[in-house]
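This is what each chain is made of:
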Amino acid sequence: MSKIVFFCIPAHGHTNPTLGVVRELISRGHQVWYYSYNILREKIEATGAVFISCDDYDMEQKLTPKDSARISKDIAFSTKILVDTTLALDDKVCADMKRLKPDCIVADSMAVWGKAVAIKSGIPFVSSTTTFAFNQHSARIMKQSFGELLSMIFSMPKTQKQIKRLQAKGYPVKNILDIIQNDNNTHTVVYTSPEFQPCSDTFSDKYAFVGPSICPATDEVQKNREKLVYISMGTVNNDMLPLYRQFVSSFANTEYQVIMSVGSFVSIKDFGKLPGNMSVSQYIDQIAVLQKADVFVSHCGMNSVSESLYFGVPLVMLPQTSEQNGVCERVLQLGAGVKLNKINPPSILAAVNKVLSESSYKQNAQMISDGFKRCSGAKGAADKILQVCRET
């Protein structure tokens, strides 16, 4: 029996793919401890893992809204937050690792404190990557502007100050890349297929491309028209009432059935009386909808796109971040969707009509789906983690 510790960030999209893996490990008789956040406690405890809360130590949750907006734009600032969180957790986690003596630490690629503790404690490490894996070849899909590149260069001296703080607490890291970047010697589980991963043949055999982790649907969705359009901008940056109203205007009185999920920041009352062909919910079982949908209008988060393509559903994409732009670019390369460049009712409707009327989008989405279903899934991820445990 192996002892395995997971670390993750407070995000459903990064946590959900690991839950099936945790269940698989526990079903084989292994023990799992999972460091995460209270908003995810119920999901994690349902797997049988021991949940350990990080809420009191997380620095990002204590930021002002203004500071939170800096995270994705200011590399030096985001590095400071990561280091602050790592050092806040240091005493507790290091003491826990001495007591538990785990055979392996599995940490989300963004939960850098998990990797840092593994390095400091000399515990075998596996990176859990819910986005694309990156190296010099695949990184080309993430198109940085010249301004972003300059920002990274000028921020390097400031990030080095943060590394010195880690070094002072016994972390043997030389630079920020040691904890945020995986090289070909890092055991890594990637939740996508070799076909969808850009340049998958350039990664070492320490990378396991296990395919997306798809949870079973818990609800039933009724399809009452020939074509079903599903719309969702994700669970994080979805305070988008003006955009949602554009969608309502786009599909009002069309022949399509339209289901739109708007999240918790928008009140359903703000929409007034909806057209008869549309329904709007703050939350809906996305898997249940995608099993019936014909096209998905999406913000292009990696999990949402993976779930859509798993069911062979092509996409109309409206990415909001650089990561989402990278996912969008890959979908475009493989011909499984279109990018929405103009946000107005005629353009939105035209994009959906294009995807529904040209069979190549559906065919290409189905090809990606076939690749996903050939992958080893949660069992393959568990095999990879246990392989690393055995090597200790």
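Attention here is on the structure that accompanies the text. (Residues numbered from 1 in each chain as written. Predicted model: local features only at pLDDT ≥ 70, side-chain atom pairs only at ≥ 80, totals over all residues. Heavy atoms only, no water.)

A word on the pairing of strand β8 (residues 228–232)
Now for step 1: A large share of β8 lies buried, amounting to 5 of its 5 residues.
Now for step 2: Side-chain alternation along β8 places L228, Y230 and S232 on one buried face and V229 and I231 on a second face that is also buried.
Now for step 3: Of the pairings in the sheet, the one linking β8 to strand β9 (residues 257–261) comprises 5 bridges and is parallel in character. Along β9, the bridge assignment pairs L228 with Q257.
Now for step 4: In this sheet, strand β11 (residues 295–298) lies alongside β8 in parallel orientation, the contact comprising 4 bridges. Counterpart to Y230 in the pairing with β11 is F296. (Buried < 20%, exposed > 50% of the residue type's maximum accessible area, 1.4 Å probe, protein only. Helix = DSSP H or I, 4+ residues; strand = E, 2+ residues; numbered from the N terminus. Pairing = 2+ DSSP bridges.)

Some thoughts on helix α13 (residues 359–374)
Now for step 1: Look at α13: 23 Å from first C-alpha to last across 16 residues, which is about the 22 Å you get at 1.5 Å a residue.
Now for step 2: Among the residues of α13, Y361, A365, I368, S369, G371 and F372 are the ones counted as buried. Taken around the axis of α13, the buried residues stretch over an arc of 160°, which confines them to a single face. Counted as exposed and oriented over 90 degrees from the buried face of α13: M367 and R374. (Expected span 1.5 Å × (residues − 1). Arc of directions from axis to C-beta.)

A look at the pattern of salt bridges
Oppositely charged side chains can form a pair if their charged atoms are brought close together.
Now for step 1: Enumeration over the complete set of coordinates arrives at 12 salt bridges.
Now for step 2: Residue K92 pairs with D96 through a salt bridge whose shortest N-O separation is 3.3 Å. A residue pair is termed a helical-turn pair when its members lie 3 or 4 positions apart in one helix, as K92 and D96 do in helix α4 (residues 75–100) at 4 residues.
Now for step 3: We classify K92 as partly exposed; its relative accessible area is 28%.
Now for step 4: Here E220 makes a salt bridge to K292, at a shortest N to O gap of 3.2 Å. Residue E220 is located in the loop between β7 (207–209) and β8, and its partner K292 is located in the loop between α9 (286–290) and β11; the two are separated by 72 residues in the primary sequence.
Now for step 5: K292 sits in the partly exposed class, given a relative accessible area of 28%.
Now for step 6: Each of E24, R28 and D383 takes part in one network of salt bridges that share partners. (Salt bridge = Lys/Arg side-chain N within 4 Å of Asp/Glu carboxyl O.)

Here we look at the sheet that holds strand β5 (residues 125–129)
Now for step 1: Reading across from one edge, β3-β2-β1-β4-β5-β6-β7 is the order of the 7 strands in this open sheet, with parallel pairing throughout. The open sheet has two free edges, formed respectively by β3 (50–53) and β7, since each of these has just one partner strand. Strand-to-strand twist across the sheet, computed as the mean angle between neighbouring axes with direction ignored, equals 20°.
Now for step 2: Direction of pairing for strand β2 (residues 31–36) relative to β3: parallel, over a ladder of 4 bridges. The partner of S36 across the bridge, within β3, is S53.
Now for step 3: Helix α1 (residues 12–27) rests against β1 (3–7), β2, β4 (104–108) and β5 of the sheet, and its axis sits at about 160° to β2. (Axes fitted to C-alpha atoms, helices over the stretch in contact; angles between N-to-C directions. Contact = heavy atoms within 4.5 Å.)

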